[in-house]
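Geometric and topological summary
Read off the chains here:
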Amino acid sequence: MSHLKTASRGGAGLALRAALLVSAAMAPAVAMAQAAATRAAAAPDASLVPDTSEIVVTGVRGGERRTVANSPIPIDVISAKDIAATGKSDLKEILNILIPSFDLPGVNGGGTSWTVRAFTLRGLTGDEALILVNGKRRHNTALINNLARVGNGGVPVDLDLIPTASIDHIEVLRDGASAQYGSDAIAGVINIILKNGAHGGTSDTVRGQNYGRDGAQFHEALDYGTGLPNGGFAHFSLDLKYANAANRSVPSTYATPYGAGDPRNATANRRSWGYTYGPGAEQIVSGAYNLEAPLNNGINFYSFTTLSHRLSRKVTGTFLPNASDSLQEIYPNGFNAQRRIRELDFQSTVGAKGETSDWHWDASSTYGRDFTKLDGENTLNASLGPTSQTYFHLANQIYDQWTNNLDVSRDFQVGLATPLTVSFGLEHRYERYEIQAGEPNSYKIGSYLIPAGSPNNSLSVAVAPLPGLASYNGTSPAEAGARDRNNLAAYVDLDTKLTQKWFVGVAGRYEHYTDSAGDTFSGKVTTRYEVLPGYAFRATVSNGFKAPSLAQEIYASNTISGTVSGGTLITYPLKVFPVDSAIARTLGATALTPENSINYSVGFTAEPVSNLRLTVDAYQINIRNRILETGSLFLTPTMLSSSPVLSSLLSQFPTGLGAQYYTNAASTRTRGVDVVGEYSKSLGAYGSIRLSAALTLTETRITKLKSTPAALAALGFVLFDAERQADLTVATPRDKITLSGAWNLDKWSVNLQTTRYGRYTEANTTGQALLANSNPRYYSPKWITNLEIDYNVLRDTKVGIGANNLFDVYPDSHGIIDAKTGAGRYGNFSPFGITGGYWYARLTQRF
C-alpha cells in the first residue's frame, strides 16, 4: 500500500493547484495502465494488486473500523515491502525517502548529533512529533541534538534503534494529536506496528557501498513467528548492521600546516585531515519480540520489547600539526579527534486487554531506558602537556521513562446513524534524565605552557593551549546532575456519525506535571462529510503542547566550535550552560515553559475510480514559546570588562568563550499542503502496477521573537540571531515531490522512485560579534532517483540489485570550504546527503 506522507504550505488556491499537479503527473500512467488491463488476455490476478483499504489503528479509540480512505484525519501507511525496497537499514533514512514532509540533513552538526541525527517533520523538530510502538509511547534518546543546526536542541526518539526486521507497517498520522496522546504530538504521530505473524519467517541480507567506494554497509534482518495456544503468537526479530565512514572533504590547501618555514609543508599528506565531513562508522545489533497470548478467561495478555546496542565512532575535529592544541610530541602530523559512543537502549511493554460488560479495556505498563557512554578517542588534553593520554571517558547520559496506561471504550446506541463511541483513559508517566561526570583528565585544565619558538607556538613567549580536550571536553562533577518528574493525565474521546454521511469526533485531555511544566488542557474537534460516494471533505481543529524535556533543562556541554571566514576556520571554545545556572541567569535565561500550539486542517478525499485515491490536506500550525538554543554569545574580554558580575562568574573559563543556553525564543506559524495520489491495477498477463505521487509544500515563519534580555543587549547581542532564525525557517526545502511506481510480473518486480527536493538556504553567519559577515548559500532543487529490481529464483528465494541516488547527484558545490580541513564543499543541510550514489545487492529467503 502507500507509503507517502506530506507537509506543506497553506491556501485553498495553492491546494487546488497542487492537487491538479499530482493528478496531471499520474494521469498518463493511469490511462496506460487501464489500456493495458483492457488488452490483457488473462484474467486479473487479485493477489498482485495491493489492498487499498488498510485498517488503521492510529487516532482510533474503538468503535467503527476505519481505513485510510474513510479516515476523518489524514493518515498514510508504509508497508514492510515499502521499507525493504528503499535498500536502507536506518529507519530515519527510510522515512526520509518515503515521507515527503520528513527531512534529514546530511551533515547538520557535530557532537552527539552525528549519532542521533536531528530530523524535522512538517518543518518542526523531531521531538514535536510523537512516536508510538504498537500504540504505546516510545521513550526519547538521552542524546540531545545540541550542535545540530536543523532541529537544534531537540531530544527526539532515536528511530534507528528500532529494528526494521520487526516492523510490519508504519502508520503516519498527519495532524496534531495532543488531545489523544499527550505531549509532543504537535507535528503528528508515527505509529510503528510490529510483526505478528504466527508462522514462518524471513532472512533479508543487504550489502552495498557508495559509488565513491567508501561507506560500505551490511544489513542482516531476521524474523520468525510461531503460534501459541488459543490462537496466540510470538514473533521474534534480529537486526545486525554496520556502516563504514565516508568522507567528502577535498585536500587541505592550508599553506603551512607544520608551521612557517618547515620543509614538511611541501610533502604533507593533505588528505589525512578533514575526515569530519561525512557520516561516521556505526555498528548496531538490535532485537525485538512481539507476542499475544489469549487466556481462558477471555483476557488477552500481550508483551513486546526492543533491545539495541550501538557503537559509533565519528571524527569530530581535525587539528593540523601546528595547531596550539595539537602538540607534535604526541601527534607529529596532526590528528583527527574522534568521539566514540556506546549505547544500550531498550523498551518493554506488558499488558492485558479484554471486555467487561460491553466495555473494552486495555491496561499496560511500559518501561524504556537509553544509556549512553561518551568517550574521546585519538585526542589529547594539551593543557596536560606531552604526557597527556589520548583516550578519555567523557560522560554518561541516561534517560528513563516509565508509562502506565488504562484505556476504556464502549459503543452506545443513541439513535444516530452509528453508535456513539465513548472512550476514556488514564496515564501516569515517570521520567528521569541524568548526566554523569567523566574522568578528571577529560575536563581538567592543566598548567602546561607551550614553549616559545616550538612548532606549536611561533611567539617569543610561552603560551597556554586551549583548555581541556581538543574538540570537546568531558563533563565535570559541577556540570553533572539529574532531574525527574511525574505526569498524570486523563482523556475523554467521543465520536459518531450524526448521519450516514457526517462523522463528528471530539476529544479532550488534561495533564499535570510535577515540575514547572504545570497543568495543561488539550482539545480536538474532527469532522468528515461525504458529499458523494467516494468524495468527502474533512477538517480538524485542535490545540496541543510540548513540555520542556528534562535534558533541555539541565544539559551542559563544552566543545570547540567555529565558523569559516575568508576560507579559514576560526575556532573558539563553546559552552552550553544549564538554564538555571548562575551564568545563564546572568545572561538573561529564565525557566523554560511548555510550547503551546493550535492546529487547523482542512482536506478533501476522492476515489473517482476503483483503486485510485487522491487526498489534499491543507494545514496551519501556530506554536507559541518554542524551545530553542540561543546563538553563540561570543564573550570577549572587552565585553566582560563592562560586566563585573559576569566577568567574575566566567573567570574559571577561557577567554573568548562562546556561551549558549535554551530558552523559549520564538513563536512560529507553519503552513502547508499535503497532496497524495495512489493508483493500483492488475494488468492480467502483464502483471500488476502500483503508482503513487505526492507533493508537499511547507513554510515556517517567525511571528514573534522573545525580547533580548537587557544583560545581552548591553553586550551587543541579540537573543536569537539571524543564523538561528534562518535555520528555523529556510534551512529545509519548502517543497518536495515524490513519484514512485512498482511493477510485478511473474518472478520479477521493479520499484522506481524519484524525488525532487526543493531549494534550501544555509545562512553561514553567526549574526553576533564574532564575525560580521553574512554569507548565505542557496542550494538549488535536485531530483534523486532510486531503483530496485528483484527476481524470485525459487519460490521462497529472491535476489535483487538496487541503487539509491542512481544518477550520483550531489548538492551544489558552493559551500564554504575550510582551507585547513577541506570540509564544506556541499554545505551541511542537504536533505539527500553529501555522499552521492549508493548501490546494493539483496538476498531474501522466506522459511
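The text that follows walks through the structure, step by step, so that each part is easy to find.

**Concerning the pairing of strand 3 (residues 75–79)**
Among the five residues in strand 3, five count as buried, and that is most of the element. Across five bridges, strand 3 lies against strand 9 (residues 167–173) in antiparallel orientation. By the bridge assignment, Val-77 is partnered in strand 9 with Glu-171.

**Focus: the side chain of Thr-421**
Mapping Thr-421 onto the fold places it in strand 19 (residues 420–437). Polar side-chain contacts of Thr-421 include one of 2.8 Å to the side chain of Asp-411.

**Some details on the packing of aromatic side chains**
Summed over the entire model, instances satisfying the criterion amount to 16 aromatic pairs. On the basis of an interplanar angle of 10 degrees and a centroid distance of 4.7 Å, the ring pair of Phe-102 and Phe-119 is categorised as stacked. Of this pair, Phe-102 sits in strand 4 (residues 102–103) while Phe-119 sits in the loop between strand 4 and strand 5 (120–121), and the two are 17 residues apart along the sequence. The exposure classification of Phe-102 matches that of Phe-119, with both residues buried. Seen in terms of ring centroids, Tyr-757 and Phe-832 are 5.6 Å apart; in terms of plane orientation they differ by 40 degrees. Their pairing is tilted. In this pair, Tyr-757 sits in strand 33 (residues 748–757) while Phe-832 sits in the loop between strand 37 (797–804) and strand 38 (838–846), placing the two residues 75 residues apart along the sequence. With respect to burial, Tyr-757 and Phe-832 carry one shared label: buried. Each member of the aromatic cluster is reached from another via a ring pair, and the members are Phe-319, Tyr-331 and Phe-335.

**Quick word on a nonpolar patch on the surface**
Among the surface-exposed residues, Val-414, Leu-416, Leu-498, Trp-502, Tyr-529, Val-531, Leu-532 and Phe-537 lie close enough to one another that they form a single nonpolar patch of about 690 Å² accessible area. Looking at the secondary structure, you find Leu-416 in the loop between strand 18 (391–412) and strand 19. Relative accessible area serves as the criterion here: at 36%, Leu-416 is assigned to the partly exposed category.

**Some remarks on the sheet that holds strand 4**
Strand order in the open sheet made by the three strands is 4-5-6, with antiparallel pairing throughout. Taken across any chain shown, the strands that pair with only one partner, and hence form the sheet edges, are strand 4 and strand 6 (124–125). Across two bridges, the pairing between strand 4 and strand 5 is antiparallel. Paired with Asp-103 across the bridge in strand 5 is Thr-120.

**Some points on the sheet that holds strand 3**
The five strands are arranged 3-9-10-7-8 in an open sheet whose pairing can be described as mixed. The two strands at the open ends of the sheet, each matched to only one other strand, are strand 3 and strand 8 (136–137). The sheet contacts of helix 3 (residues 91–98) involve strand 3, strand 9 and strand 10 (188–194), and relative to strand 9 the element is tilted by about 55 degrees.

**Regarding the environment of Phe-392**
You can see Phe-392 is positioned in strand 18. On the basis of relative accessibility, which here comes to 0%, the residue Phe-392 falls in the buried class. Along the primary structure Phe-392 and Leu-380 are separated by twelve residues, whereas in three dimensions their C-alpha atoms are 8.3 Å apart. Excluding its chain neighbours within four sequence positions, the residues that come into contact with Phe-392 are Asp-375, Gly-376, Thr-379, Leu-380, Asn-381, Glu-439, Asn-441, Ser-442 and Leu-469.

**Some points on the pairing of strand 22 (residues 519–532)**
Pairing analysis gives eleven bridges linking strand 21 (residues 502–513) to strand 22, with the strands arranged antiparallel. Bridging across to strand 22, Val-504 finds its partner in Thr-527. The antiparallel pairing of strand 21 with strand 22 creates a hairpin that spans five residues between the two strands, and Gly-518 there sits at a positive phi of about 70 degrees. Pairing of strand 22 with strand 23 (residues 535–546), which is carried by eight bridges, proceeds in the antiparallel orientation. Paired with Lys-524 across the bridge in strand 23 is Ser-542. Between strand 22 and strand 23, which pair antiparallel one after the other, the connecting turn spans two residues, and Gly-534 there sits at a positive phi close to 90 degrees.

**Examining the pattern of salt bridges**
Evaluation of the coordinates by the stated rule reveals 50 salt bridges. Glu-282 is the partner of Arg-310 in a salt bridge, and the nearest nitrogen-oxygen pair spans 3.5 Å. Of this pair, Arg-310 sits in strand 15 (residues 300–319) while Glu-282 sits in strand 14 (residues 281–294), and the two are 28 residues apart along the sequence. Of the two residues, Arg-310 and Glu-282, neither departs from the other in class, the shared state being buried. Between Asp-796 and Arg-846 there is a salt bridge, and its shortest N-O distance comes to 3.8 Å.

**Observations concerning the side chain of Asp-127**
The residue Asp-127 is located in the loop between strand 6 and strand 7 (129–133) in this model. A polar side-chain atom of Asp-127 sits 2.8 Å from a polar atom in the side chain of Thr-125. Only 2.9 Å separates the side chain of Asp-127 from the backbone nitrogen of Val-155, close enough to count as a polar contact. For Asp-127, the residues in contact, after removing those within four places along its chain, are Asn-140, Gly-153, Gly-154, Val-155, Pro-156, Asp-184, Lys-546 and Gln-552.

**What to know about helix 10 (residues 722–729)**
With six of eight residues buried, helix 10 lies mostly within the body of the structure. Among all positions of helix 10, only Glu-723, Arg-724, Ala-726, Asp-727, Leu-728 and Thr-729 are buried. Tucked inside the fold, the buried residues of helix 10 contact strand 27 (612–629), strand 29 (657–660), strand 30 (662–682) and strand 31 (688–705).

**Observations regarding helix 3**
Among the eight residues in helix 3, eight count as buried, and that is most of the element. Residues of helix 3 that are buried include every one of Leu-91, Lys-92, Glu-93, Ile-94, Leu-95, Asn-96, Ile-97 and Leu-98, and no others.

**Structural notes on the nonpolar core**
Most often, soluble globular proteins have nonpolar side chains that are buried together. Within the largest apolar cluster, 33 residues are counted, with the highest numbers of intra-cluster contacts made by Tyr-433, Leu-587, Leu-650 and Tyr-661. Those elements giving two or more residues to this core turn out to be strand 19, helix 5 (550–554), helix 6 (582–586), strand 28 (633–635), helix 7 (637–640) and strand 29. With three residues, the single largest contributor to this core is helix 5. Aside from chain neighbours lying at most four places away, what touches Tyr-661 is Phe-577, Ala-584, Leu-587, Gly-588, Ala-589, Leu-628, Glu-629, Thr-630, Leu-633, Pro-709, Leu-712 and Leu-719. With 32 residues, the next largest nonpolar core counts Leu-91, Ile-99, Val-172 and Tyr-619 among its residues.

Conventions we followed
Residues numbered from 1 in each chain as written. Predicted model: local features only at pLDDT ≥ 70, side-chain atom pairs only at ≥ 80, totals over all residues. Heavy atoms only, no water. Buried < 20%, exposed > 50% of the residue type's maximum accessible area, 1.4 Å probe, protein only. Helix = DSSP H or I, 4+ residues; strand = E, 2+ residues; numbered from the N terminus. Pairing = 2+ DSSP bridges. Polar contact = N/O pair within 3.5 Å; in protein donor to acceptor, adjacent residues only side chain to side chain. Phe/Tyr/Trp six-rings, centres within 6.5 Å; stacked < 30°, edge-to-face > 60°. Patch = residues over 30% accessible without salt bridge, like charges linked within 9 Å, V, L, I, M, F, W, Y side chains within 5 Å. Areas by Shrake-Rupley, 256 points an atom, 1.4 Å probe, with all protein chains shown as cover. Salt bridge = Lys/Arg side-chain N within 4 Å of Asp/Glu carboxyl O. Contact = heavy atoms within 4.5 Å. Axes fitted to C-alpha atoms, helices over the stretch in contact; angles between N-to-C directions. Core = buried A, V, L, I, M, F, W, Y, C linked by side-chain atoms within 4.5 Å.

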